[in-house]
Amino acid sequence: MAPISNDAAFWSKRSRKYAANPIGDMDGYLNTLERTKSYLKPGDTALEIGCGTGSTALLLAPHVKHITATDIAPGMIEIANEKLVEEGLNNVTFAVAEVKDHSTDDSPYDVVMAHNLLHLVTDLDSALAHIRALVKPGGLFISKTVCAPYNAGLKFALIRYIAIPIMQAIGKAPFVEFMSANALEGKIKAAGFKIIETGDQNGMLLSRYLVVRKA
Ligand SMILES: C[S@@+](CC[C@H](N)C(=O)[O-])C[C@H]1O[C@@H](n2cnc3c(N)ncnc32)[C@H](O)[C@@H]1O
């Protein structure tokens, strides 16, 4: 078995606490959930990467033929599988995987999703290229990503350049990159996607919701 990465260990250790925490901005979450449902079709084969404890995948499952939902952290997938048993759904598969562990043979998915993940990925350009290869021609990539606030002031600078690096050095924070929402969109377009919906969710941090089609 491959050794677990630092980020996988970080998220696994926090998985029970993450599952117990209520969603910070429930209205924003429900809004993007409904937007996402509006793009799904009953015959779709879907993949969610970085699914955490699987709540979103379980809510989306009734709207697609099958959803595979994966996460780098075994602890998150353990909880997701417990929820799956409780829900009794038969069109959901949870598995431990990193973005690039997914086979791109035959570009298998109508829809790929990544919610609150892209800012945590170390090599975003190559992750986006891999995600594009997973999507069928004309298929969708739907994501929500924490970005740098528009008017990032001193408080944000202190968090980004002092507090987070200190926490990372002692293993209390994972890799994180706060891009501007424009920079994020630029990278997604450069990876070969066409933007069809974009919008912000303004919680404690700016979150950019994007629906893009494989160009
Ligand atoms: C902020 S949580 C978001 C979980 C869920 N998508 C949500 O919106 O509640 C980020 C998740 O991404 C996972 N993760 C971090 N880096 C990853 C990677 N490179 N590949 C796959 N999953 C990753 C973490 O284990 C964690 O469960």
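Calculation notes
Residues numbered from 1 in each chain as written. Predicted model: local features only at pLDDT ≥ 70, side-chain atom pairs only at ≥ 80, totals over all residues. Heavy atoms only, no water. Helix = DSSP H or I, 4+ residues; strand = E, 2+ residues; numbered from the N terminus. Rg over C-alpha atoms; globule rule 2.2 N^0.38 Å. Buried < 20%, exposed > 50% of the residue type's maximum accessible area, 1.4 Å probe, protein only. Contact = heavy atoms within 4.5 Å. UniProt positions renumbered as here; feature names shortened; annotations may be inferred. Near = heavy atom within 4 Å. Polar contact = N/O pair within 3.5 Å; in protein donor to acceptor, adjacent residues only side chain to side chain. Areas by Shrake-Rupley, 256 points an atom, 1.4 Å probe, with all protein chains shown as cover. Nonpolar A, V, L, I, M, F, W, Y, C, P; charged D, E, K, R; others polar. Core = buried A, V, L, I, M, F, W, Y, C linked by side-chain atoms within 4.5 Å. Phe/Tyr/Trp six-rings, centres within 6.5 Å; stacked < 30°, edge-to-face > 60°. Salt bridge = Lys/Arg side-chain N within 4 Å of Asp/Glu carboxyl O.

- Within an unreviewed UniProt entry, the label attached to the protein chain reads Methyltransferase type 12 domain-containing protein, and the organism entered is Parasphingorhabdus litoris.

### Observations concerning the overall build of the protein chain
Now for step 1: Regarding its fold elements, the protein chain presents eight helices and seven strands.
Now for step 2: In terms of C-alpha radius of gyration, the protein chain reaches 17 Å, essentially the compact-globule figure of 17 Å for 215 residues.
Now for step 3: Taken over the C-alpha atoms alone, the protein chain extends approximately 50 × 35 × 35 Å along its principal axes.
Now for step 4: A buried classification covers 46% of the 215 residues belonging to the protein chain.
Now for step 5: Partitioning the intrachain contacts of the protein chain with sequence separation of at least 6 by distance along the chain shows that 70% fall at a separation of at least 24.

### Considering the UniProt feature "domain: Methyltransferase type" (unreviewed entry) in the protein chain
Now for step 1: As recorded in UniProt, the sites labelled "domain: Methyltransferase type" (unreviewed entry) are residues 47–141.
Now for step 2: Taken end to end, residues 47–141 has its terminal C-alpha atoms 10 Å apart, with 33% of it in helix and 29% in strand.

### What about the site of the ligand?
Now for step 1: The environment of the ligand is formed by 17 residues, the closest being Tyr18, Gly50, Asp71, His115 and Asn116.
Now for step 2: Note that a nitrogen atom of the ligand is positioned 2.9 Å from one of the side-chain N or O atoms of Glu98.
Now for step 3: Its free accessible area being 590 Å², the ligand has 91% of it covered by the protein chains.
Now for step 4: Taken together, the residues that form the shell around the ligand break down as ten nonpolar, four polar and three charged.

### Quick look at the nonpolar core
Now for step 1: Grouped together as the largest cluster of nonpolar side chains are 26 residues, with contacts concentrated most on Ile49, Val112, Leu118, Ile131, Phe141, Leu184 and Ile188.
Now for step 2: For this core, the element with the most residues is helix α6 (residues 124–134), which contributes five residues.
Now for step 3: Look past the residues within four positions of Val112 in its chain and what remains in contact with it is Leu47, Ile49, Ile131, Leu134, Val135, Leu140, Phe141 and Ile142.

### Side note on the packing of aromatic side chains
Now for step 1: Scanning the entire structure with this criterion turns up four aromatic pairs.
Now for step 2: Ring geometry for Phe10 and Trp11: centres 5.2 Å apart, planes at 85 degrees, overall edge-to-face.
Now for step 3: Here the aromatic residues Phe10, Trp11 and Tyr18 are joined through ring pairs into a cluster of three or more.

### Quick word on the pattern of salt bridges
Now for step 1: Applying the stated rule across the entire model yields nine salt bridges.
Now for step 2: With its nearest N and O atoms 2.4 Å apart, the salt bridge here joins Glu185 to Arg208. Of this pair, Glu185 sits in helix α8 (residues 181–190) while Arg208 is found in strand β7 (residues 206–214), placing the two residues 23 residues apart along the sequence.
Now for step 3: Connected via shared salt-bridge partners are Arg16, Glu78 and Glu82.

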